[in-house]
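The lines below spell out each chain.
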Amino acid sequence: MMVAVVLLMLSANHHDLDLADIERLSTGARDVGSQVVAEHPALRGAVVLATCNRFELYLDAGDDGSVLETAPAVAAAHRVVARASGTDPAEVARLMRTTAGEQAVAHLFEVTAGLDAMVVGEREITGQVRRALATARAEGLTSPLLEQTLQHAARTSRQVAVETDLARAGRSVVSVALDLAGARLAALGCERDDATRAHESAADSVPPSSWAGRRTLLLGTGSYAGASLAALRRRGATDVVVWSASGRAEGFAAGHGIETADADLAVALGRADLVVTCRGTGTPVLDVATVAAAVADRAEPLVIVDLALHHDVEPAVAELPGVLLVDLPTVRAHAPQTTADEVERARAIVADGVRALSGATAERQMDAAVVALRAKVSDALTAELDRLPAEGAVPADRAAQALRRLAARLLHEPTVRARSAGREGRTAEHLQALEVALGLHIPSPDSDLDPGAAPADDAPAGAARQDDAPAGAVRQDDASAGAVAADVVPPGAPAVSVAAGPALPHSAGPALPHSAAPAAPLPASRPAEPERAR
């Protein structure tokens, strides 16, 4: 019985969790893949996707047979993540959502296409999925299921980018936030009413060098801080310092080629023109009093970009004079908008991709049967080739005889099984199987019977029956093109009779003797003789 493999997915992402929780769970993500495969024998491979706002494991659960039987593998993954992150296994189980089978595949496809991003259409995630697969491959952690699924997801993502307008919105949250903040800063002093501001978007963004010469304070040291720093540098920012309450600022600064900020946050805030915060601890680090003190004597506005899912900055800070605050709700409201039709088109492409992958995966389950069939034919062919001269030309009659023997060898077992099925009352079942496997359309044994016709055994006296044909002759029911002559049936094997209609049981007597003389070669193609009236 063919057993379906199962794709298993464990996810902690921005839909459900704070960035701090995602960051905590993804600690030690580099070694999670190898450890989870070693933890449970049924797991054949693992790909770990760790980004700023998601931590996901894609696991090949092997031949567990059904989604319901993956619980041990899920528990093993929870244990590994718990050890790597220093989190209690029960807490890991609570924070990480688990799906399996086609739901897991659909989720992966939507993630890769940017449909599950904080800003719909974000293209950065596609590259992150490819890099996650490449890392797993380099570590020997992929499997045919994982390779096929993630590669197909990447191809479907490219199709979404080409066939829809989502790519226009396909920038990271950090990029959109910085460009939107730059646009608002540049617009200060211009008269804009609320209606105009409500329709502004990152399409109005400033050039990439918009943050050149600005003193930037980065709050946080997680993966989102790294992405923010990269986006700042692409926009010309060179004077960047980092601050962290966790004590990790020095390590982050050394690893990214920047300086640490003053340990006193109020002092660091007073020196900054732009603040980018992405701590995501769920507790605001910048309250109204702290920010008000920092901007009291400033001539230029203080721009604050809050990228935390649950505010790092108290929302009331936006009401302070001299402060320009851009947070995630603002980014979502003013990011390049995609129409509902474009999103639906993208989802339809993703759904088609999932269906195509499902069909291809089901088809691959027959690989073992195809290999076995080819091996059997190859063995039979090799046996006949071994009987021919190793050197020199092979006479045409000997080549034809070898081909007949090969055909007889290949048809022997199917013929025996067909007659056995008939004796056991499984005729219809066997005929259906032949039609499915070989594409043969074989009428039911009763469909061609003429009630008025005389049976073959009632032929007129003196008339020769087909079964009385001389040894070595081709029987009438073998006259169709490609039929196998009775005189080439291997000694001791039942005679093979391939008729245009359903095969009738052959005589119970011994098989016809093998012809002593070389068999005359059959023509490559021979038209079927017209059926003679009985």
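All values derive from a computational prediction rather than experimental measurement.

## Some thoughts on the overall build of the protein chain
Point 1. Secondary structure assignment for the protein chain yields 18 helices and 10 strands.
Point 2. Taking all 534 residues of the protein chain together, the buried fraction comes to 41%.
Point 3. For the protein chain, the share of sequence-separated contacts (at least 6 apart) that also reach a separation of at least 24 residues comes to 71%.
Point 4. Put simply, the protein chain shows about 27,500 Å² of open surface, and 55% of that area lies on carbon and sulfur atoms.

## So, the environment of Arg215
Point 1. For Arg215, the location among the structural elements is in strand β5 (residues 215–219).
Point 2. Among the residues examined, Arg215 registers a relative accessible area of 38% and is labelled partly exposed.
Point 3. As for Arg215 and Val241, which are separated by 26 residues in sequence, their C-alpha atoms are 8.2 Å apart.
Point 4. Setting aside chain neighbours within four positions, we find Arg215 in contact with Asp239, Arg271, Ala272, Asp273 and Leu274.

## Comments concerning the pattern of salt bridges
Any two side chains of opposite charge can pair, on the condition that their charged atoms come close.
Point 1. In total, this model carries 20 salt bridges according to the counting rule given.
Point 2. Arg215 serves as the salt-bridge partner of Asp273, at 3.3 Å between the closest nitrogen and oxygen. Of this pair, Asp273 sits in the loop between α12 (265–270) and β8 (274–277) while Arg215 sits in strand β5, and the two are 58 residues apart along the sequence.
Point 3. Looking at Asp273, the relative accessible area reads 14%, which means it is buried.
Point 4. By sharing partners, the salt bridges in this structure join Glu384, Arg387, Arg405 and Arg409 into a single network.

## Here's the deal with the layout of surface pockets
Empty pockets left among the atoms are what a rolling probe the size of a water molecule brings to light.
Point 1. Size it by volume and the second largest pocket reaches roughly 840 Å³.
Point 2. Along its surface, the second largest pocket is lined by 27 residues, and Ala29, Arg30, Leu49, Ala50 and Thr51 are the ones closest to its centre.
Point 3. Listed by contribution, the elements that provide at least two residues to the lining of the second largest pocket are α2 (29–39), β2 (45–50), α6 (124–138) and α10 (223–234).
Point 4. Of all the elements, α6 adds the most residues to the lining of the second largest pocket, at six residues.
Point 5. Its residues placed into classes, the lining of the second largest pocket shows 12 nonpolar, nine polar and six charged.

## Comments concerning the nonpolar core
Point 1. If you look at the biggest cluster of nonpolar residues, it comprises 38 residues, and the most contacted ones within it are Leu178, Tyr224 and Leu307.
Point 2. Broken down by element, this core gets its largest block of residues, eight residues, from helix α8 (residues 173–187).
Point 3. Non-local contacts of Leu307, meaning those with residues more than four positions away in its chain, are made with Leu19, Val173, Val174, Ala177, Tyr224, Ser228, Val276, Thr277, Cys278 and Leu328.
Point 4. The next biggest cluster of nonpolar side chains, apart from the first, holds 30 residues, and it includes Leu115, Leu141, Leu150 and Ile349.

## Digging into the environment of Arg419
Point 1. Examined against the element boundaries, Arg419 turns out to sit in helix α17 (residues 396–423).
Point 2. Looking at Arg419, the relative accessible area reads 17%, which means it is buried.
Point 3. Measuring from C-alpha to C-alpha, the distance between Arg419 and His430 comes to 9.7 Å, with 11 residues separating the pair along the chain.

## Some thoughts on the sheet that holds strand β7 (residues 259–260)
Paired through backbone hydrogen bonds, the strands of a sheet run either parallel or antiparallel to each other.
Point 1. With parallel pairing, six strands are arranged side by side in an open sheet as β7-β6-β5-β8-β9-β10. Looking at the sheet topology across the chains shown, the edges are occupied by β7 and β10 (323–327).
Point 2. As paired strands, strand β9 (residues 302–306) and β10 are joined by five bridges and run parallel to one another. Following the sheet pairing, Leu302 is matched in β10 by Val323.
Point 3. Set on the sheet, α10 makes contact with β5, β6 (239–243) and β8; between it and β5 the angle comes to about 165°.

## Section: the side chain of His40
Point 1. Along the polypeptide, His40 turns up in the loop between α2 and β2.
Point 2. The contact partners of His40, leaving out residues within four places of it in the chain, are Pro72, Ala73 and Ala76.

## What to know about the environment of His256
Point 1. Counting through the fold element by element, His256 comes out in helix α11 (residues 249–256).
Point 2. For His256, a relative accessible area of 31% corresponds to the partly exposed category.
Point 3. For the pair His256 and Gly226, spaced 30 residues apart in sequence, the C-alpha to C-alpha distance is 8.0 Å.
Point 4. Ignoring any residue separated from it by four or fewer positions in sequence, one finds His256 in contact with Gly226, Leu229 and Arg233.

## Structural notes on the sheet that holds strand β3 (residues 54–60)
Point 1. Pairing within the open sheet is antiparallel, and its four strands lie in the order β2-β3-β1-β4. Two strands bound the open sheet, and with one partner strand each, they are β2 and β4 (97–100). For this sheet, the mean angle separating the axes of adjacent strands, direction not counted, is 15°.
Point 2. Where strand β1 (residues 7–13) meets β3, seven bridges bridge the pair, whose relative direction is antiparallel. From the neighbouring strand, Asn13 faces β3, where its bridge partner is Arg54.
Point 3. The sheet strands contacting α2 are β2 and β3, and the helix crosses β2 at an angle near 160°.
Point 4. In the packing of α6 onto the sheet, contacts are made with β2 and β3, and the angle to β2 comes to roughly 145°.

## Section: a nonpolar patch on the surface
Point 1. A contiguous nonpolar surface patch, about 240 Å² in accessible area, is contributed by Leu373, Val377 and Leu410.
Point 2. By the secondary structure assignment, Leu373 is in helix α16 (residues 367–386).
Point 3. For Leu373, a relative accessible area of 57% gives the class exposed.

Thresholds, definitions, all that
- Residues numbered from 1 in each chain as written.
- Predicted model: local features only at pLDDT ≥ 70, side-chain atom pairs only at ≥ 80, totals over all residues.
- Heavy atoms only, no water.
- Helix = DSSP H or I, 4+ residues; strand = E, 2+ residues; numbered from the N terminus.
- Buried < 20%, exposed > 50% of the residue type's maximum accessible area, 1.4 Å probe, protein only.
- Contact = heavy atoms within 4.5 Å.
- Areas by Shrake-Rupley, 256 points an atom, 1.4 Å probe, with all protein chains shown as cover.
- Salt bridge = Lys/Arg side-chain N within 4 Å of Asp/Glu carboxyl O.
- 1 Å grid on protein atoms, 1.4 Å probe; cavity = no way out; pocket = protein on both sides within 12 Å on 5 of 7 lines; lining within 4 Å.
- Points joined across faces, edges and corners; volume = space filled by probe spheres on them.
- Nonpolar A, V, L, I, M, F, W, Y, C, P; charged D, E, K, R; others polar.
- Core = buried A, V, L, I, M, F, W, Y, C linked by side-chain atoms within 4.5 Å.
- Pairing = 2+ DSSP bridges.
- Axes fitted to C-alpha atoms, helices over the stretch in contact; angles between N-to-C directions.
- Patch = residues over 30% accessible without salt bridge, like charges linked within 9 Å, V, L, I, M, F, W, Y side chains within 5 Å.

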